[in-house]
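Geometric and topological summary
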Amino acid sequence: MLFRKSSSRFRPPQVPDRAILREHRKVIDEIGRRGLLRGTMSLGALTLLTGCDVSEQDQVQRVLRSVSAFNDWVQARLFDPDKLAPRYAASQVLKPPRFNAYYGIEDVQPIDAATWRLELAGLIQDKRPWTLEQIRALPEQEEIIRHICVEGWDYIGQWSGPNLRQFLTRVGADLGAKYVAFHSHDDYMESIDMASALHPQTILATKYAGDPIGDPYGFPLRLRTAVKLGFKNPKWIRAIEVTNTYPGGYWADRGFNWHSGL
Ligand SMILES: Nc1nc2c(c(=O)[nH]1)N[C@H]1C(S)=C(S)[C@@H](COP(=O)(O)O)O[C@H]1N2
Ligand SMILES: [Mo]
């Protein structure tokens, strides 16, 4: 859960304090009035966030503001779904990237590239697993895009690797299916809608800023899509599954909106 990080800035979830709810009433009301939260966070998740203690109020405000900023960005593009997300200059890229996971960086378990395989499951014709060498031999696409985390921070990153649409096409995935689910080595699972999987800025990233992605950031393979919030970009992928059965996801199962993106 959001609150289970080993180096957690949050207390465990608890009944929100009325005074704290009052403190945040203004920003919550503002977001509610503009219908901004609707797309990203359930009332349950918001209630948990407002359960943070008084010293963490800045953090709560940052979370709410980032959700609101992201939703503004989403709304601005709703009328033109084919529009690409903004791309940035290489000089703006954060090096190294900023780490996040539902646990601390010291608990990251590095993956052995030699034994790693990408498994394929579900509505895919050719389910032969892929080695890292085979993945690296595919044409690469680079995206310099903004990564936005609902915890209230963002950075511009430079990711490259095979385009997901091309990969799915090549392995004979049913592109008319509803969902693409990504299973990770750390028990994380997130899934996205097929339209987002096929978006031109959705890639299977093997590199960050031109070098193989570092262990904490998802080595050897992570999803990077410009049309979803940070948590919909699974790291350390071990399997890709195409399915018509709603797969849910790590954060969706904990109250965040499953779509969380365009
Ligand atoms: N496997 C896995 N992927 C994950 C997570 C995780 O805990 N496990 N955290 C997500 C969240 S909340 C964010 S913000 C990004 C952070 O990616 P970064 O460390 O490369 O910045 O990874 C996402 N992908
Ligand atoms: Mo995140």
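Here the structure is shown first, and the text comes after it.
The sections below set out a description of the structure shown in this document. This one's a predicted model, so the numbers in the text were calculated from it and none came from an experiment.

Side note on the overall build of the protein
Broken down by element type, the protein carries seven helices and 10 strands. When the 262 residues of the protein are sorted by exposure, 55% land in the buried category. The contacts in the protein between residues at least 6 apart in sequence include a share of 71% that link residues at least 24 apart. For the protein, the computed accessible surface area is about 12300 Å², with 51% contributed by carbon and sulfur atoms.

What about the nonpolar core?
A general feature of soluble globular proteins is that nonpolar side chains tend to end up buried together. Leu-118, Phe-167, Leu-168, Val-180, Phe-182, Leu-204 and Ile-240 are the most contacted members of the largest nonpolar core, which totals 57 residues. Setting aside residues up to four positions removed in sequence, Leu-204 forms contacts with Ser-160, Gly-161, Pro-162, Leu-164, Phe-167, Phe-182, Leu-221, Arg-222, Leu-223, Ile-237 and Ile-240.

Section: the environment of Asn-100
Locating Asn-100 in the fold gives a position in the loop between helix H4 (57-77) and strand E1 (119-122). You can call Asn-100 partly exposed: its relative accessible area is 21%. On a C-alpha basis, the gap between Asn-100 and Tyr-217 in space is 8.1 Å, while along the polypeptide they are 117 residues apart.

Section: the sheet that holds strand E7 (residues 207-208)
An order of E2-E3-E7-E8 is seen for the four strands of this open sheet, with the pairing classed as antiparallel. Since the sheet does not close on itself, it has two edges, and those belong to strand E2 (141-149) and strand E8 (211-212), each with one partner. Note: E2 against strand E3 (residues 153-161), nine bridges, orientation antiparallel. Paired with Cys-149 across the strands is Trp-153, a residue of E3.

Focus on the sheet that holds E1
Spatial strand order, E1-E10-E4-E5: four strands in an open sheet with mixed pairing. A strand with exactly one partner marks an edge of an open sheet, and here the two such strands are E1 and strand E5 (189-193). When strand polarity is set aside, the average angle formed by the axes of neighbouring strands in this sheet is 20 degrees. Inspection of the sheet shows strand E4 (residues 179-184) paired to E5 by five bridges, in the antiparallel sense.

Here we look at the environment of Leu-132
If you trace the backbone, Leu-132 turns up in helix H5 (residues 132-136). Note on Leu-132: relative accessible area 4%, which makes it buried. Distance from Leu-132 to Ala-114, taken between C-alpha atoms, is 7.8 Å for residues 18 residues apart in sequence. Once you skip the residues sitting within four places of it in the chain, Leu-132 turns out to touch Ala-113, Trp-116, Phe-219 and Pro-220.

Some points on the site of ligand 1
What surrounds ligand 1 is a group of 20 residues, the closest being Arg-98, Tyr-155, Asp-186, Arg-222 and Lys-235. The separation between an oxygen atom of ligand 1 and a polar main-chain atom of Tyr-102 is 3.0 Å. Within the side chain of Arg-222, one N or O atom sits 2.9 Å away from an oxygen atom of ligand 1. Relative to its free-state accessible area of 530 Å², ligand 1 is covered by the protein chains to the extent of 99%. Mapping ligand 1 onto the cavity grids shows that it belongs to the largest cavity. Secondary-structure elements contributing two or more residues to the shell around ligand 1 are E2 and E3.

Side note on the pattern of salt bridges
Going through the model one piece at a time under the given rule, you end up with six salt bridges. A salt bridge links Asp-126 to Arg-128, with the nearest nitrogen and oxygen atoms 2.8 Å apart. For Asp-126, a relative accessible area of 27% gives the class partly exposed. Between Asp-193 and Lys-228 there is a salt bridge; the shortest N-O distance is 2.9 Å. Of this pair, Asp-193 sits in strand E5 while Lys-228 is found in the loop between strand E9 (222-225) and strand E10 (237-243), placing the two residues 35 residues apart along the sequence.

Structural notes on the side chain of Gln-201
Its location among the elements puts Gln-201 in the loop between helix H7 (194-197) and strand E6 (202-205). Polar contacts involving the side chain of Gln-201 include one to the main-chain amide nitrogen of Ala-85, which spans 2.7 Å. For Gln-201, the residues in contact, after removing those within four places along its chain, are Leu-84, Ala-85, Arg-87, Gln-141, Glu-143, Ile-145, Arg-224, Thr-225 and Ala-226.

Cut-off values and rules
- Residues numbered from 1 in each chain as written.
- Chains lettered and ligands numbered in written order.
- Predicted model: local features only at pLDDT ≥ 70, side-chain atom pairs only at ≥ 80, totals over all residues.
- Heavy atoms only, no water.
- Helix = DSSP H or I, 4+ residues; strand = E, 2+ residues; numbered from the N terminus.
- Buried < 20%, exposed > 50% of the residue type's maximum accessible area, 1.4 Å probe, protein only.
- Contact = heavy atoms within 4.5 Å.
- Areas by Shrake-Rupley, 256 points an atom, 1.4 Å probe, with all protein chains shown as cover.
- Core = buried A, V, L, I, M, F, W, Y, C linked by side-chain atoms within 4.5 Å.
- Pairing = 2+ DSSP bridges.
- Axes fitted to C-alpha atoms, helices over the stretch in contact; angles between N-to-C directions.
- Near = heavy atom within 4 Å.
- Polar contact = N/O pair within 3.5 Å; in protein donor to acceptor, adjacent residues only side chain to side chain.
- 1 Å grid on protein atoms, 1.4 Å probe; cavity = no way out; pocket = protein on both sides within 12 Å on 5 of 7 lines; lining within 4 Å.
- Sits in = over half its atoms within 2 Å of the grid points.
- Salt bridge = Lys/Arg side-chain N within 4 Å of Asp/Glu carboxyl O.

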